[in-house]
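# Residue-level structural notes
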Amino acid sequence: MIRLAAAIAVSGLLAMAASGASAQLLDPATLHVGPGWDTKCATGGCPLYQGTELNGYHGGTLDIYQNSAGAAALNTPDLLILGVPNVDAQLTSTLAGSALGEWYPSATTGPGVSLGSLTVAPTVYGLSKYSNAATGLYGVMSSGQEVYSFLGLSGDHSNSYTNWYGADSTLFPSLSSTSGFDIYVFGLNTTKSTPFSGNKLLNVAFKGNLPQGTFAVAYGQTNKLAYTTPFTEAGVRVPEPASLTLLGSALAGLALIRRRRRRGGD
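Residues numbered from 1 in each chain as written. Predicted model: local features only at pLDDT ≥ 70, side-chain atom pairs only at ≥ 80, totals over all residues. Heavy atoms only, no water.

### Digging into the side chain of His 32
Tracing the sequence through the fold places His 32 in strand E1 (residues 31–34). At 3.4 Å, the side chain of His 32 and the backbone oxygen of Ala 42 are in polar contact. The residues touching His 32, leaving out its near neighbours within four places in the chain, are Cys 41, Ala 42, Thr 43, Gly 44, Asn 55, Asp 63, Ile 64, Tyr 65, Asn 67 and Glu 233. (Helix = DSSP H or I, 4+ residues; strand = E, 2+ residues; numbered from the N terminus. Polar contact = N/O pair within 3.5 Å; in protein donor to acceptor, adjacent residues only side chain to side chain. Contact = heavy atoms within 4.5 Å.)

### What to know about the state of the cysteines
Following the criterion strictly, the structure yields one disulfide and no others. Disulfide pairing is shown between Cys 41 and Cys 46; the S-S distance is 1.9 Å. Note on the Cys 41 and Cys 46 pair: the S-S dihedral is about -80°, so by sign convention the disulfide is left-handed. (Disulfide = S-S within 2.5 Å.)

### Quick look at the nonpolar core
Membership of the largest hydrophobic core comes to 31 residues, with the highest contact counts inside it found for Ile 81, Val 147, Leu 151, Trp 164 and Ile 183. Only strand E5 (78–85), strand E9 (137–142), helix H3 (147–150), helix H4 (161–171), strand E10 (180–188), strand E12 (215–221) and strand E14 (235–238) provide two or more residues apiece to this core. Each residue touching Ile 81, except ones within four places of it in the same chain, is listed here: Val 147, Tyr 148, Leu 151, Leu 153, Ile 183, Tyr 184, Val 185, Phe 215, Ala 216, Val 217 and Tyr 219. Counting residues in each nonpolar core, the second largest holds 29 residues, with Val 33, Leu 115, Leu 210 and Ala 218 among its members. (Core = buried A, V, L, I, M, F, W, Y, C linked by side-chain atoms within 4.5 Å. Buried < 20%, exposed > 50% of the residue type's maximum accessible area, 1.4 Å probe, protein only.)

### Quick word on the environment of Val 185
Secondary-structure assignment places Val 185 in strand E10. Residue classification places Val 185 among the buried residues on the basis of a relative accessible area of 0%. When the C-alpha positions of Val 185 and Tyr 130 are compared, they lie 9.2 Å apart, and in sequence the two are 55 residues distant. Those residues in contact with Val 185 that sit more than four places away from it in its chain are Leu 79, Leu 80, Ile 81, Thr 119, Val 120, Ala 121, Pro 122, Leu 127, Tyr 130, Gly 136, Tyr 138 and Leu 151.

### Re the pairing of strand E3 (residues 53–58)
The element E3 is extensively covered by neighbouring structure, given that five of its six residues are classed as buried. Where strand E2 (residues 47–49) lies against E3, two bridges are found, and the strand directions are antiparallel. Along E3, the bridge assignment pairs Pro 47 with Asn 55. If you look at the hairpin formed by E2 and E3, you'll find three residues sitting between the two strands, and Gln 50 has a positive phi there, around 55°. (Pairing = 2+ DSSP bridges.)

### Digging into the sheet that holds strand E11 (residues 201–205)
Reading across the sheet, the five strands line up as E1-E4-E11-E6-E7 and stay open at both edges, with antiparallel pairing between neighbours. Lying at the two open borders of the sheet, with one neighbouring strand each, are E1 and strand E7 (113–117). Strand-to-strand twist in this sheet, taken as the mean axis angle between neighbours without regard to direction, amounts to 20°. In this structure, strand E6 (residues 100–104) lies alongside E11, joined through five bridges in antiparallel fashion. Residue pairing for E11: Leu 100 is matched across the bridge by Ala 205. (Axes fitted to C-alpha atoms, helices over the stretch in contact; angles between N-to-C directions.)

See below:
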């Protein structure tokens with residue numbers, strides 16, 4: 001009887017351990033966010049903050065790339081999570097509902113296959129208490145919080161308010177008054193013929209520009225693993241390349257004018 005009781009107790013502990021393992025999924029952290037299908041930085045390699053962190057995307061187009069070549073297909077839907085600095089206006093239902101998703105067999109191979117509109121405020125993975133389900137707004141992440149744990153999801157813990165604020169206030173001084181990030185959650189529904197597995201890419205295009213400084217990360221699950229985006233691979237909304245070129249030209253022009261004025265005063 002004692003041996004039987006001990007065996008039952010051990011089996012109970014094993015069952016609890018197994019249950020805990022499935023609840024706290026292991027995190028391979030392989031979902032990269034880039035500036036869209038068939039662009040130079042779709043799969044990474046274009047950091048814009050402190051040399052090795054953050055990847056930029058422009059306007060309202062971005063991609064989610066599965067870095068792991070051998071990754072199994074993720075359960076549907078996959079999640080796109082946006083963090084909008086709260087000094088900007090909140091997203092409208094029109095903008096939130098306008099985004100379209102496409103599936104690509106790789107970052108450079110087309111054509112794409114339409115996945116239709118994004119699911120706004122998907123009630124999966126325990127997500128249900130949205131502040132505004134019409135726009136996908138889950139809530140406001142503030143100091144001391146990190147986006148995945150803020151949403152009750154397991155995964156990488158580097159996408160914190162501290163890291164996001166530090167990057168935004170450095171890249172865009174006008175955002176230094178940010179006190180929180182409005183967190184939006186959208187779903188992309190894949191199928192058996194469009195599985196989000198190893199080295200596949202999901203392209204997302206909003207019909208309008210997302211606010212400057214908006215962070216984008218992704219989330220997905222298999223039965224055993226959680227796939228997330230570390231801070232080093234998160235995307236952040238930056239000005240269009242043309243805008244940067246115009247800014248550079250304007251600065252160069254101002255510098256030339258100043259030099260001419262100095263020479264004229266000599």
